[in-house]
Amino acid sequence: MTQAASVVSAKDLCLTYQANDAPVHALSNVNLDVKKGDFVSFIGPSGCGKTTFLRVIADLEKKTSGTITVNGMTPEEARKARAYGYVFQAPALYPWRTIEKNIALPLEIMNYAADDRQKRIAEALDLVGLTGFEKKFPWQLSGGMQQRASIARALAFDADLLLMDEPFGALDEIVRDHLNEELLKLWARTDKTICFVTHSIPEAVYLSTKIVVMSPRPGRVTDIIDSPLPRERPLDIRETPEFLEIAHRVREGLRAGHSYEH
Ligand code: ADP
Ligand code: MG
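Read on for a plain summary of the structure. Going along each chain's sequence as written, the residues are numbered from 1 onward. Chains and ligands are labelled by the order in which they are written, letters from A for the one and numbers from 1 for the other. Given that this is a predicted model, residues contribute local features only at a pLDDT of at least 70 and side-chain atom pairs are listed and counted only at 80 or more, while totals for whole chains, interfaces and linings are drawn from all residues. The side-chain values count all of the structure's non-hydrogen atoms but skip hydrogen atoms and water molecules.

Some remarks on the packing of helix H3 (residues 99-109) against helix H5 (residues 143-155)
Phase 1 of the analysis: Running from amino to carboxyl end, H3 crosses H5 at an angle of 35 degrees, the nearest separation of the two axes being 8 Å. As for the relative orientation of H3 and H5, their crossing is right-handed in sense. Mapping the contact onto sequence places Ile99, Asn102, Ile103 and Pro106 in H3 and Ala149, Ala152 and Arg153 in H5.
Phase 2 of the analysis: Under the scheme applied here, ten amino acids are nonpolar (Ala, Val, Leu, Ile, Met, Phe, Trp, Tyr, Cys and Pro), four are charged (Asp, Glu, Lys and Arg), and all others, including Gly, are polar. Considered class by class, the residues forming the contact of H3 with H5 number 5 nonpolar, 1 polar and 1 charged. Axes here refer to lines fitted to C-alpha atoms; in helices the fit is confined to the stretch in contact. Angles between the N-to-C directions go from 0 to 180 degrees. In this text, helices come from DSSP runs of H or I with a minimum length of four residues, and strands from runs of E with a minimum of two, each type numbered from the N-terminal end. Should the near helix be turned anticlockwise from the far one by less than a right angle, the crossing is termed left-handed; should it be turned clockwise, right-handed. A contact between two residues is defined here by any heavy atoms of the two lying within 4.5 Å.

Section: the site of ligand 1
Phase 1 of the analysis: Nearness is judged by heavy atoms alone; a residue qualifies as near a molecule or strand once a single heavy atom is within 4 Å of it. Taken together, Tyr17, Val24, Ala26, Pro45, Ser46, Gly47, Cys48, Gly49, Lys50, Thr51 and Thr52 make up all the residues around ligand 1.
Phase 2 of the analysis: Throughout this description, a polar contact denotes any pair of N or O atoms lying within 3.5 Å of each other; where both atoms belong to protein, one of them has to be capable of donating a hydrogen while the other can accept it, and for residues adjacent in sequence the pair is counted only when both atoms sit in side chains. Between an oxygen atom of ligand 1 and a main-chain N or O atom of Gly47, the distance comes to 2.7 Å.
Phase 3 of the analysis: For accessible areas, the Shrake-Rupley method is used with a probe of radius 1.4 Å. Any residue's cover is judged against the shown protein chains and nothing else. Contact with the protein chains covers 62% of the free accessible surface of ligand 1, which is 560 Å².
Phase 4 of the analysis: Counting only elements with at least two residues in the shell around ligand 1, the list comes to strand E2 (24-35) and helix H1 (50-57).
Phase 5 of the analysis: Sort the elements by how many residues they give to the shell around ligand 1 and H1 lands first, with 3 residues.

Thoughts on the environment of Ile151
Phase 1 of the analysis: Locating Ile151 in the fold gives a position in helix H5.
Phase 2 of the analysis: Sequence separation between Ile151 and Leu163 is 12 residues; the distance between their C-alpha atoms is 10.0 Å.
Phase 3 of the analysis: For Ile151, the contacting residues outside a window of four places in its chain are Val87, Val128, Met164 and Phe168.

Examining the sheet that holds strand E1 (residues 6-17)
Phase 1 of the analysis: A pair of strands is treated as paired once DSSP finds two or more bridges between them. One open sheet holds the 3 strands; their spatial order is E2-E1-E4, and the pairing between them is antiparallel. Taken across any chain shown, the strands that pair with only one partner, and hence form the sheet edges, are E2 and strand E4 (65-70). Mean inter-strand twist for the sheet, computed between neighbouring axes without regard to direction, equals 20 degrees.
Phase 2 of the analysis: Summarising the sheet, E1 and E4 pair through 5 bridges and their orientation is antiparallel. Each residue of the ladder has a partner; that of Ser9, found in E4, is Thr69.
Phase 3 of the analysis: Most of the contacts of H1 go to E1, to which it runs at about 120 degrees, and overall it touches E1, E2 and E4.

Some details on the nonpolar core
Phase 1 of the analysis: Counting residues in each nonpolar core, the largest one holds 50 residues, and the members touching the most others are Val205, Ile211 and Val250.
Phase 2 of the analysis: The element contributing the most residues to this core is H5, with 6 residues.
Phase 3 of the analysis: What marks off one domain from the next here is an automatic or database domain assignment. Both of domain 1 (1-83 + 161-168 + 186-262) and domain 2 (89-158) provide at least three residues apiece to this core.
Phase 4 of the analysis: Contact partners of Val250, with chain neighbours within four places excluded, come to Ile43, Ile201, Val205, Ile211, Val213 and Ile225.
Phase 5 of the analysis: In this text, buried Ala, Val, Leu, Ile, Met, Phe, Trp, Tyr and Cys residues form a nonpolar core when linked through side-chain atoms within 4.5 Å. Each residue is placed in one exposure class: buried if its accessible area under a 1.4 Å probe, protein chains only, is under 20% of its type's maximum, exposed if it is over 50%, and partly exposed if it falls in between. One finds Val30, Val34, Phe53 and Ala78 within the second-largest nonpolar core, a separate group that totals 30 residues.

Some remarks on helix H4 (residues 114-127)
For an α-helix the count is 3.6 residues per turn, leaving residues at separations of three or four pointing the same way.
Phase 1 of the analysis: By this rule the span expected of a helix is its residue count minus one, scaled by 1.5 Å. Look at H4: 20 Å from first C-alpha to last across 14 residues, which is about the 20 Å you get at 1.5 Å a residue.
Phase 2 of the analysis: Residues of H4 that are buried: Arg120, Ile121, Ala124 and Leu125. The arc enclosing the buried residues of H4, seen along the axis, measures out at 130 degrees, which places them on a common side.
Phase 3 of the analysis: Lining the buried residues of H4 we find H3 and H5.
Phase 4 of the analysis: Remark: Gly129 follows H4 within two positions and exhibits a positive phi of approximately 70 degrees. Note that the arc is computed from the directions linking the helix axis to the C-beta atoms.

Considerations on the packing of aromatic side chains
Phase 1 of the analysis: For Phe, Tyr and Trp, where Trp contributes only its six-membered ring, two rings pair if their centres lie within 6.5 Å, and the inter-plane angle classes them as stacked under 30 degrees, edge-to-face over 60, or tilted in between. Taken as a whole and assessed by the stated rule, the structure comprises 7 aromatic pairs.
Phase 2 of the analysis: For the ring pair Phe39 and Trp187, a centre distance of 5.7 Å and an interplane angle of 80 degrees mean the geometry is edge-to-face. Linking Phe39 in strand E3 (residues 39-43) with Trp187 in helix H6 (residues 173-190), this pair joins segments that are 148 residues apart in sequence.
Phase 3 of the analysis: Given a relative accessible area of 0%, Phe39 falls into the buried group.

Structure follows, in structure tokens:
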């Protein structure tokens, strides 16, 4: 088998925010290689640099030192080539736009033709199971459906890389379980590469092919776990010994990172 291409490659990546009082070392010597088709979760306590790392990939923050490439390009080149879709923690849908008009917005900005836009919106809504809700306004949908609409918006221009920052963090566990299953199916169907931030150990283990455990002050990677679980995962895989073993290793990694502070 040939080696899959690197979608995100970070070497000794550092980012220091120059705050007023003292510099904040948000990322310190991060080394990571994300391959095409990977589902990578970033897990760690608040402030360990998870959002910062996604923002560096997306060219929303500039690294201080080290190297990072996205699809073999600089983050700026990748952004201009529309290499990624970004799903924020809150759905961030405009309340005065219908669901289809919300999804259309980035396509309008990118100058997609009207008929192409309609086709892409229909496909994206189908992928997230929201066909039939085109004309609804965000406030007419549940929290889970709103988050699915924001995923559809990130999917509509068909980037190979999806960056998701705690997309299901605000949802209850039952809805989250359902969306986790749906996201895995979507990933399997579209062959995208996904970088996913979460606070939840079961969510990270259930979804990922690779789990990146991080710790704060300075923000750094303490463990990278390549999951031995099969790509096809029914929810009850969470009760298997293999699953629990990985969850245990993640918990140990988080604990080791925590004790560093004291
Ligand atoms: P996480 O997403 O893991 O909670 P962040 O990447 O948001 O962590 O933040 C990492 C660290 O950088 C935190 O200590 C945070 O307070 C700090 N930070 C984030 N953004 C800025 C900024 N724009 N200016 C200064 N410090 C920041
Ligand atoms: Mg964050």
